[in-house]
Amino acid sequence: MLYDVNRLPLDRLLLPCMRATEALARLDERISRSPFGHGFLERQDFVDAASSMWIDGELVHIEDLVLHDAHMDIRAPTHEMAIASRILRARRQIASNGPKWALSPAGLSRLRGEEAANVATAQPDASPSPAEPASDDDEEVALSEELSAIDRLLARSSATLEAIAKDERPPSLSPAENITRDLDWNEDERLEEWQTVLKSTAGLPAPLRAAIALDAWYKLEVLQRSPWLGRQLASALLRQEDLTLSHLTAFNTGLKAVPRERRNASSRAERLIAFLDSIHEAASLGLKEHDRLLNAKSRMERRLVGRRSNSRLPDLIELVLARPVVSTSMIVKTLGTTPQGAVGLANQLELREMTGRGRFRAWGVL
């Protein structure tokens with residue numbers, strides 16, 4: 001095995017691990033009791049997806065990602081935007097399923113974007129074919145049934161052999177993909193080795209397991225074109241270990257706060273400490289953001305005093321807390337108002353103008 005976890009400097013790792021555990025537990029408890037926990041988690045998904053692209057050396061603005069997710073792009077989506085949208089969908093899939101789904105074979109296959117080979121479609125239908133004219137000769141009828149059974153057996157054998165040959169052959173790629181992909185890159189074998197590393201960490205604290213899983217993912221280079229998935233699986237591991245039952249850790253926001261030199265240090269111990277500090281930073285930033293939004297929510301709710309019961313302001317407050325930015329079109333689509341009504345509602349709250357343009361207006365929470 002290329003990655004050995006039997007020799008870990010636990011004396012250096014326990015303190016960062018305890019700090020990360022404490023911060024994660026505090027954030028998870030805060031979210032579970034939050035009056036706008038769902039909206040906070042939606043906002044965290046956008047921030048984490050944009051931070052993931054930043055770590056991989058790509059820049060995606062959160063505002064553009066929000067508009068792209070709402071199918072209201074103001075410009076043509078880029079390749080980076082498509083990847084960020086895929087990260088966003090992956091986080092939502094992990095959060096919407098059970099804690100153990102992401103690291104299960106079905107979850108890994110779904111998150112990798114694989115499509116299960118449907119061998120059954122290659123097999124002929126086992127249902128009987130339209131009846132032929134009846135024959136008075138019983139021996140001919142019995143012989144016909146036996147020949148049909150042999151034909152079905154041969155068809156199933158051919159389909160099985162074709163499936164085996166298809167698995168042994170390298171996937172057929174387009175000429176452009178042949179340039180950007182390594183044909184000898186065996187992702188299944190690397191993923192199996194990564195899972196072996198993950199199993200060998202059983203019994204260790206959850207943050208330390210997540211740090212080791214992420215470091216092994218980088219070391220083994222599991223997926224050729226989706227390095228971001230390892231960070232989401234590390235967050236899913238924390239949820240599987242019952243440490244973050246109420247949320248999926250925004251691991252990338254914490255990694256963004258740690259210097260690149262520490263994350264890519266030559267020493268494994270230094271990298272693990274950096275990843276543990278990233279978990280602590282992610283939880284600390286989440287607590288600060290939650291408190292900021294809670295204060296903003298209290299300020300905006302003061303505008304509700306004396307309002308009618310059918311006022312749209314409470315719905316607008318919920319929307320702006322769940323999105324880093326809201327545009328006029330998003331307000332119209334969500335609340336069902338007119339564009340002029342959306343602008344009027346936004347002006348009644350303490351929102352920050354994001355664009356400064358008259359034709360396209362967007363707001364965010366102060």
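As shown above, the structure is provided for reference.
Source: prediction; values computed, not measured.

Engineer: Sorry if this is basic, but what is going on with a nonpolar patch on the surface here?
Structural biologist: On the surface, L147, I150 and L154 cluster together into a nonpolar patch covering about 280 Å² of accessible area. With respect to the helices and strands, L154 occurs in helix 6 (residues 138–168). The exposure class of L154 is exposed, given its relative accessible area of 51%.

Engineer: Which parts of the structure should I look at to understand the packing of helix 2 (residues 37–55) against helix 4 (residues 79–96)?
Structural biologist: A packed helix pair is summarised by two numbers, namely the angle formed by the two axes and the spacing between the axes. Here helix 2 crosses helix 4 at 135°, and the two axes come no closer than 9 Å. Between helix 2 and helix 4, the angle is such that the two are oblique. Helix 4 is crossed by helix 2, and the crossing has right-handed handedness. Facing helix 2, whose interface residues are D45, F46, D48, A49, S52 and M53, helix 4 presents E80, I83, A84, I87, L88, R91 and R92. Along the lines of polarity and charge, the residues of the contact of helix 2 with helix 4 split into 7 nonpolar, 1 polar and 5 charged.

Engineer: What should I look at first to understand the side chain of Q44 in this one?
Structural biologist: Mapped onto the secondary structure, Q44 falls in helix 2. Judged by its relative accessible area of 11%, Q44 falls in the buried class. Among all residues touching Q44, those that are not within four sequence positions of it are A250, G286 and E289.

Engineer: Just to check I follow, could you spell out unusual backbone geometry for this structure?
Structural biologist: Only a minority of non-glycine residues have a phi that is not negative, and only a minority of peptide bonds are not trans. Backbone geometry places H71, a non-glycine residue, at a positive phi of 60°. Of note, H71 is situated in the loop between helix 3 (62–69) and helix 4. Note on H71: relative accessible area 69%, which makes it exposed. The phi angle at E221 is positive, at roughly 50°, despite the residue not being glycine. With respect to the secondary-structure elements, E221 resides in the loop between helix 9 (206–220) and helix 10 (229–240). In this structure E221 comes out as partly exposed when scored by relative accessible area, which is 44%.

Cut-offs applied
- Residues numbered from 1 in each chain as written.
- Predicted model: local features only at pLDDT ≥ 70, side-chain atom pairs only at ≥ 80, totals over all residues.
- Heavy atoms only, no water.
- Patch = residues over 30% accessible without salt bridge, like charges linked within 9 Å, V, L, I, M, F, W, Y side chains within 5 Å.
- Areas by Shrake-Rupley, 256 points an atom, 1.4 Å probe, with all protein chains shown as cover.
- Salt bridge = Lys/Arg side-chain N within 4 Å of Asp/Glu carboxyl O.
- Helix = DSSP H or I, 4+ residues; strand = E, 2+ residues; numbered from the N terminus.
- Buried < 20%, exposed > 50% of the residue type's maximum accessible area, 1.4 Å probe, protein only.
- Axes fitted to C-alpha atoms, helices over the stretch in contact; angles between N-to-C directions.
- Parallel < 35°, antiparallel > 145°, perpendicular 65-115°, else oblique.
- Left-handed = near helix turned anticlockwise from the far one by under 90°.
- Contact = heavy atoms within 4.5 Å.
- Nonpolar A, V, L, I, M, F, W, Y, C, P; charged D, E, K, R; others polar.

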